[in-house]
Amino acid sequence: MKAIHVRDVPEPILNRLELRAAAHHRSLQQEIKYLLTAAAHTPLPKAGKLKLHLAQSGSSSGALSRDDIYQHDAR
């Protein structure tokens, strides 16, 4: 099994992890392994669907004119 070494853990974080470990009757290593396992098994969030919101155009057909799209930009 591979090992992970984490450097520069801030003291308040380490203290909090030690408190969590004691509260769960685990060693610090067991608590960290538990947290890593839980994080690894948490499903990744799916990318949301792209939602487009169109402003009302002056056209009765709902189609946007060139001016609507470019807002009088000279492209």
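Notes on the structure in this doc start here. Given the structure is predicted, the values throughout are model-derived calculations rather than measurements. Residue positions are given per chain, counting from 1 as you read along its sequence in written order. Note on the predicted model: pLDDT of at least 70 is required for a residue's local features to be given, and 80 or more for side-chain atom pairs to be given and counted; whole-chain, interface and lining totals, by contrast, use all residues. Side-chain descriptors were evaluated using all non-hydrogen atoms of the structure, hydrogens and water having been removed beforehand.

Bringing the side chain of E31 into the picture now. Each helix corresponds to a stretch of at least 4 residues labelled H or I by DSSP, and each strand to a stretch of at least 2 residues labelled E; elements are numbered beginning at the N terminus. With respect to the helices and strands, E31 occurs in helix α2 (residues 28-41). When its relative accessible area of 0% is taken as the criterion, E31 is described as buried. We call two residues contacting when some pair of their heavy atoms lies within 4.5 Å. Here E31 is in contact with L17, R20, A21, H24 and R26, once residues within four sequence places are set aside. Burial status follows relative accessibility: with a 1.4 Å probe on protein chains alone, a residue under 20% of its type maximum counts as buried, one over 50% as exposed, and anything between as partly exposed.

A few words on the pattern of salt bridges. In what follows, salt bridge is the name for a side-chain nitrogen of Lys or Arg lying within 4 Å of a carboxyl oxygen of Asp or Glu. On inspection of all chains with the given rule, the structure shows 2 salt bridges. E31 is the salt-bridge partner of R20, the closest N and O atoms lying 3.1 Å from each other. Taken together, the residues R20 in helix α1 (residues 11-23) and E31 in helix α2 connect sequence positions 11 residues apart. The salt bridge partner of R26 is E31, with a shortest N-O separation of 2.7 Å. Overall, R26 belongs to the partly exposed group, its relative accessible area being 27%. One continuous salt-bridge network, built from bridges that share partners, spans R20, R26 and E31.

Moving on, we get to the layout of surface pockets. Using only the protein atoms, space was sampled on a 1 Å grid; points where a 1.4 Å probe fits but cannot get out form cavities, open sets with protein on both sides within 12 Å along at least five of seven lines form pockets, and lining residues are those with an atom within 4 Å of a point. Grid points are joined across faces, edges and corners, and a volume is the space filled by probe spheres set on the points. Here the largest pocket defines a volume of roughly 540 Å³. Taken together, 16 residues line the largest pocket, and the ones lying closest to its centre are I4, V6, I32, K33 and L36. Listing elements by their share of the lining of the largest pocket, those giving two or more residues are α1 and α2. Among the elements that take part in the lining of the largest pocket, α2 stands out by supplying 7 residues, more than any other. Looking at the lining of the largest pocket residue by residue, the classes come out as 11 nonpolar, 3 polar and 2 charged. Any residue that is not Ala, Val, Leu, Ile, Met, Phe, Trp, Tyr, Cys, Pro, Asp, Glu, Lys or Arg is counted as polar, Gly included; the first ten are nonpolar and the last four charged.

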